[in-house]
Amino acid sequence: MLRLPSFTYLQPRTLDEALRMKTDAGPDGMYVAGGTDLYPNMKRRHQEPRTVISLMGIPELKATEGRNDGKGMTAVGPGLTLTQLSVLPSFRRSYSALAHAAELVSTPLLRNMGTLGGNLCLDTRCNYYNQNYEWRKAIDFCMKKDGAICWVAPSSPRCWAVSSSDVAPVMVALGAEFLLIGPQGERVVPAGRFYHNDGINYLTKQPDEILAEVRLPSPNGWDAVYHKLRRRGSFDFPVLGVAAWVKWERGTGNAERGTVADARVVLGGVASYPQEVPDAAAALNGTALEDAAIKAAAEAAYRPSKPLDNTDFDLSWRKQMTRVWVTRALQELRGRQAAAPRKRP
Ligand SMILES: Cc1cc2nc3c(=O)[nH]c(=O)nc-3n(C[C@H](O)[C@H](O)[C@H](O)COP(=O)(O)OP(=O)(O)OC[C@H]3O[C@@H](n4cnc5c(N)ncnc54)[C@H](O)[C@@H]3O)c2cc1C
Ligand code: SF4
């Protein structure tokens, strides 16, 4: 059985208190929310904080019914559990892609503990890294922790561990924004700029910054979906995720359906960050998601999708599946638009 190392556990009640505790702990301190990622990592000695600062007792991180910030964004607390995200009627109604991505994470027990913030800050994953200490020691470790080489791409100067969050690609596709609070003050970053394509430094967030608020664009003529590929439908991390978002320009006539005014297609599980594919979006603009447009977008997403041999399944098959999964996601969006109530002439 893997055991947790000894550590000091702190329970601040306010953001200021949490920031002070982190400053006092220095690089040996880490925040924890649900702990479903951090504690297994500590057991495998991936992360070795001496002080763990829980964010779960800070009320403002748990705001459920989003308040509107006056700029058309709805703010929600990163301390919400994935279960809350997936069952709250307001999310199911207005942010169904988000609720769906949350309910596809792992198992009910982990969703009851795991939070939105923890999911967005999830450590990157790799077959050579997500192993216990002895296993990693037997291969002389790797550059993500304790070693010098990358076993996936031995001549590479960087780590290629994979972004495996289900919710992160949806946030990038929706154009969400994150409020970060640190000792130096506050800043807001677009979800797309919260991530680096680097398996070690995968977040632009500083270690002492707290993700304090997630801001979602108000539902206003757009729609989004999320599709996930994994081995076991009830448990596993994504080996490919596709989040697709479109802003519809509604047709005026009774028979006329809307056309795509703007779009975003984001891939998860194929790089160290949620990878937006602008060429796929460009193939959709001005179309009504006809078959030809979907095919062009799927082809555009296939090209930059470069999974490596460090998660489940054969990598060339995972790349092939990018076309299939993007096609299915866009067909679902088209179907939802066709089923939406029409405007009266
Ligand atoms: C068996 C298993 C299966 C899983 N399957 C999936 C899956 O299919 N899809 C998926 O996406 N995830 C999966 N996970 C990962 C994890 O359970 C979820 O991503 C969960 O949402 C993590 O949230 P948490 O609150 O438990 O994170 P924690 O473990 O508490 O934290 C994770 C990281 O985020 C940081 N952090 C947390 N909150 C904040 C904040 N507000 N501000 C700053 N930093 C913060 C922590 O310091 C830590 O570095 C799985 C985990 C396990 C053990
Ligand atoms: S991609 Fe390479 S450096 Fe990164 S975790 Fe895997 S083996 Fe280690």
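Look up: the structure comes first, before these words.
Residues numbered from 1 in each chain as written. Chains lettered and ligands numbered in written order. Predicted model: local features only at pLDDT ≥ 70, side-chain atom pairs only at ≥ 80, totals over all residues. Heavy atoms only, no water.

K.L.:
Which parts of the structure should I look at to understand the site of ligand 2?
P.N.:
Lining the immediate environment of ligand 2, one finds C126, Y128, Y129, C142, M143, K144, C150, W151, V152, C159, W160 and A161. Residues that form the shell around ligand 2 fall into these classes: eleven nonpolar, no polar and one charged. (Near = heavy atom within 4 Å. Nonpolar A, V, L, I, M, F, W, Y, C, P; charged D, E, K, R; others polar.)

K.L.:
How do you make sense of the sheet that holds strand 3 (residues 51-54) when you look at a structure like this?
P.N.:
Hydrogen bonding along the main chain pairs the strands of a sheet, whether they run parallel or antiparallel. Pairing is parallel in the open sheet, where three strands are placed in the order 1-3-2. In this open sheet, the two strands that pair with only one neighbour each are strand 1 (8-10) and strand 2 (29-32). On average, adjacent strands in this sheet sit at an angle of 25 degrees to one another, irrespective of strand direction. Running at roughly 150 degrees to strand 2, helix 1 (residues 15-25) makes contact with strand 1, strand 2 and strand 3 of the sheet. (Pairing = 2+ DSSP bridges. Helix = DSSP H or I, 4+ residues; strand = E, 2+ residues; numbered from the N terminus. Axes fitted to C-alpha atoms, helices over the stretch in contact; angles between N-to-C directions. Contact = heavy atoms within 4.5 Å.)

K.L.:
Please explain the nonpolar core as it appears in this structure.
P.N.:
Nonpolar side chains in soluble globular proteins tend to end up buried together. Ranked by size, the top nonpolar core spans 40 residues in total, and within it F91, L120, M171, F178, V214 and L216 carry the most contacts. Put simply, the parts of the chain that give this core at least two residues each are helix 3 (82-87), helix 5 (96-103), helix 7 (116-120), helix 9 (167-174), strand 6 (177-182), strand 8 (210-217), strand 9 (222-229) and strand 10 (240-249). Setting aside chain neighbours within four positions, we find L216 in contact with G72, M73, T74, V76, F91, Y95, L98, M171, L174 and A176. Grouped together as the second largest cluster of nonpolar side chains are 30 residues, A280, A293, A298 and A329 included. (Core = buried A, V, L, I, M, F, W, Y, C linked by side-chain atoms within 4.5 Å. Buried < 20%, exposed > 50% of the residue type's maximum accessible area, 1.4 Å probe, protein only.)

K.L.:
Sorry, what's going on with the site of ligand 1 here?
P.N.:
As a matter of local geometry, ligand 1 sits amid 33 residues, with Y31, A33, T36, L38 and T115 nearest to it. Between an oxygen atom of ligand 1 and a side-chain N or O atom of T36, the distance comes to 2.6 Å. Contact distances for ligand 1 include 2.9 Å between a nitrogen atom and a backbone N or O atom of L211. Summarising the interface, the protein chains cover 92% of the accessible area of ligand 1, which totals 980 Å² for the free molecule. (Polar contact = N/O pair within 3.5 Å; in protein donor to acceptor, adjacent residues only side chain to side chain. Areas by Shrake-Rupley, 256 points an atom, 1.4 Å probe, with all protein chains shown as cover.)

K.L.:
Mind showing me how you'd approach the sheet that holds strand 11 (residues 259-268) here?
P.N.:
On the basis of which strands lie adjacent, the open sheet formed by four strands has the order 9-10-11-12 and antiparallel pairing. Looking along the sheet, the strands with just one partner apiece sit at the ends: strand 9 and strand 12 (275-276). Taken together, the eight bridges between strand 9 and strand 10 define a ladder with antiparallel strand orientation. Note on strand 10: the bridge partner recorded for W222 is K247. Contacts between helix 12 (residues 315-339) and the sheet are confined to strand 9, strand 10 and strand 11, with strand 9 contributing the most and set at about 145 degrees to the helix.

K.L.:
When you look at unusual backbone geometry in this model, what are you seeing that I'm missing?
P.N.:
Note: most peptide bonds trans; most residues except glycine with negative phi. Despite not being glycine, D140 has its phi angle at roughly 65 degrees, a positive value. Tracing the backbone shows D140 in the loop between helix 8 (133-138) and helix 9. By relative accessible area, D140 is classed as exposed at 56%. One non-glycine residue with positive phi stands out, namely F141, at about 60 degrees. Tracing the backbone shows F141 in the loop between helix 8 and helix 9. F141 gets classed as buried once you look at its relative accessible area, which sits at 10%.

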